[in-house]
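Structural features, examined
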Amino acid sequence: VIRSKLFVGDYQNLDNPHLVIDRKQNLSEICNNVVQDHARFKAELLRAKEYGIHMIVLIEHSKNIRTLEDVIHWVNPRLKVSPLAVSGERLYKILSAMSKTYDVEFKFCTKDQTGATIIELLKGDSNGTNAV
């Protein structure tokens with residue numbers, strides 16, 4: 001294990017530099033990334049795409065969110081204090097558009113699955129595609 005700041009993402013297998021994982025704590029964090037920090041997040045996705053790096057954003061959330069489509073049913077806790085907060089349906093649309101535009105994948109796991117999921121995803125082949 002080598003600890004170092006990566007060009008993009010949070011985790012990478014040095015045997016496959018064309019695949020990285022960017023870990024997010026939950027849907028609230030990714031929501032913040034794509035709304036408030038949109039320019040920074042978009043710049044990272046563009047950088048990855050420009051260099052042929054496939055990014056997987058691994059979002060730790062509950063067992064109820066297993067696929068991108070499940071995000072539609074997410075109830076953003078911020079909706080209680082702000083009716084303008086992003087709904088699950090809107091977040092799904094944003095993430096779907098980003099997936100197509102920037103060749104980024106959004107995958108989900110529970111917090112106790114994070115380590116094993118990262119290891120499994122990084123077993124991708126040398127062409128930058130993942131095993132899962």
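Anyway, here's the lowdown on the structure attached to this text.

Rules used throughout
- Residues numbered from 1 in each chain as written.
- Predicted model: local features only at pLDDT ≥ 70, side-chain atom pairs only at ≥ 80, totals over all residues.
- Heavy atoms only, no water.
- Helix = DSSP H or I, 4+ residues; strand = E, 2+ residues; numbered from the N terminus.
- Rg over C-alpha atoms; globule rule 2.2 N^0.38 Å.
- Buried < 20%, exposed > 50% of the residue type's maximum accessible area, 1.4 Å probe, protein only.
- Areas by Shrake-Rupley, 256 points an atom, 1.4 Å probe, with all protein chains shown as cover.
- Lys, Arg positive; Asp, Glu negative; His and termini not counted.
- Charge placed at Lys NZ, Arg CZ, Asp CG, Glu CD.
- Right-handed = clockwise from strand over helix to strand, strands pointing away.
- Salt bridge = Lys/Arg side-chain N within 4 Å of Asp/Glu carboxyl O.

Let's shift gears to the overall build of the chain. If you tally the helices and strands in the chain, you get four helices and four strands. Since a compact globule built from 132 residues should have a radius of gyration of about 14 Å, the 15 Å found for the chain is in line with a globular shape. Summarising its shape, the C-alpha atoms of the chain cover approximately 45 × 30 × 25 Å along the three principal directions. The 132 residues of the chain split such that 39% are buried. Surface exposure of the chain reaches about 7900 Å², of which carbon and sulfur atoms provide 52%. Counting 18 positive and 16 negative side-chain charges, the chain places the centres of these two groups 6 Å from one another.

Now for the pairing of strand β4 (residues 104-109). Across the six residues that make up β4, a large majority, five, are buried. What joins strand β3 (residues 54-60) to β4 is helix α3 (residues 88-102), and the crossover it makes is right-handed.

This next bit is on the pattern of salt bridges. Overall, the coordinates contain seven salt bridges when judged by the stated rule. Notably, a salt bridge pairs R40 with E44, separated by 3.8 Å at the nearest N-O pair. A residue pair is termed a helical-turn pair when its members lie 3 or 4 positions apart in one helix, as R40 and E44 do in helix α2 (residues 38-50) at four residues. R40 gets classed as partly exposed once you look at its relative accessible area, which sits at 42%. You can call E44 buried: its relative accessible area is 10%. One network of salt bridges, in which partners are shared, links R23, E60 and K111.

Remember, this is a structural readout, not a statement about activity or role.
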